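A structural walkthrough
Given next are the chains, with one letter for each unit.
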Amino acid sequence: MRDLRGKTVLVTGAASGLGRELALCAGKEGAVLLLADIDPQGVKETSGLLRRTGVESREYVVDVSDSSQVKAVAEAVLGEFGGLDVLINNAGVFVWADFIDTTPEDWEWVMGVNLWGPILTIRAFLPGMIERGSGHIVNIASLGGLVTMPTLSAYSTAKFGLVGLTETLQHELEPLGISVTLVCPGNIRTPIIDRVVVRGYDRAKLFKFSYGLMPRMAPERAAAKIIKGIKEDRPMIVLTPLANFMYALKRFSPNLYRILFGRFAYKICRRMR
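Structural notes, computed from the coordinates.

Analysis parameters
Residues numbered from 1 in each chain as written. Predicted model: local features only at pLDDT ≥ 70, side-chain atom pairs only at ≥ 80, totals over all residues. Heavy atoms only, no water. Helix = DSSP H or I, 4+ residues; strand = E, 2+ residues; numbered from the N terminus. Expected span 1.5 Å × (residues − 1). Bend = angle between axes of the 7 residues up to and from the residue. Disulfide = S-S within 2.5 Å. Buried < 20%, exposed > 50% of the residue type's maximum accessible area, 1.4 Å probe, protein only. Lys, Arg positive; Asp, Glu negative; His and termini not counted. Salt bridge = Lys/Arg side-chain N within 4 Å of Asp/Glu carboxyl O. Polar contact = N/O pair within 3.5 Å; in protein donor to acceptor, adjacent residues only side chain to side chain. Contact = heavy atoms within 4.5 Å.

Here we take up helix α4 (residues 104-132). With 29 residues, α4 extends 40 Å from end C-alpha to end C-alpha; this agrees with the ideal 42 Å at 1.5 Å per step. The largest bend along α4 measures about 45° and falls at W116, with the proline P118 one to four residues further on. One or two steps after α4, the chain reaches G133, where phi turns positive at roughly 75°.

If you want it as structure tokens, here you go:
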């Protein structure tokens, strides 16, 4: 999608962080922004920021893991705009816990938002894209969907699933004129870490590690790279130098990755208990 001017772009998780920055960045390109999030105040704030710069937007308060709510949003969008040009599945949640401490409720929450959310939104909007023979689906996965680390069993399971879904859709939809982009950010400076559910670890130590020791990309920079990739119809975008290095190392030598990063990460995690 070379030009976003006048295109309808729906962003989930648009109330803050990367989702907000994606909306603002797409707005600068002249798109009409459809903002979806479970947080009514946050999505209202994002909409206000867009309107102050003259960008047309709509707000939808929705739990993306709820099929009936997603269907209602899709019906509203199709009724007003006749279709959707770009769907950006960005909403995500996070649990930091060993597998043994991750509860069934944690699994349902993470899988519901991080994997079922994109499945439901794609099912809602894809028929219209197929009918028109155009559209662009963007799934924000994670470095955690390409490589594994301790404490991320639920998160990585969902994100690996999203990577698989995205790659499958690329095969199926490219012949129909629909682009599909997989985005795998590394460590981005967003509120997701502030809202993380922590079990079995010291939250203060986790925050110190995440904010003080790990390099983090600014969300506005990440959003600019993603929007540029969408305009270039790139099939895959891996953000941050560290993420690219870790992914390349795992592909080159899975065993070396496991020894260097897996064992190192395990030792770091033990210190955060």
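What follows concerns the state of the cysteines. In a disulfide, the sulfur atoms of two cysteines are covalently bonded to one another. Per the stated rule, a full pass over the model turns up zero disulfides. Unpaired in terms of disulfides, C25 finds its nearest cysteine sulfur in C184, a separation of 19 Å.

Our next topic: the side chain of D85. Looking at the secondary structure, you find D85 in the loop between α3 (67-81) and β4 (86-89). Although D85 is buried, it makes no salt bridge; R132 carries the closest opposite charge, 4.1 Å away. Of note is the side chain of D85, whose polar atom sits 2.9 Å from the backbone nitrogen of T8. Every residue in contact with D85, bar those within four places of it in the chain, is listed here: M1, K7, T8, M129, R132, G135 and H136.

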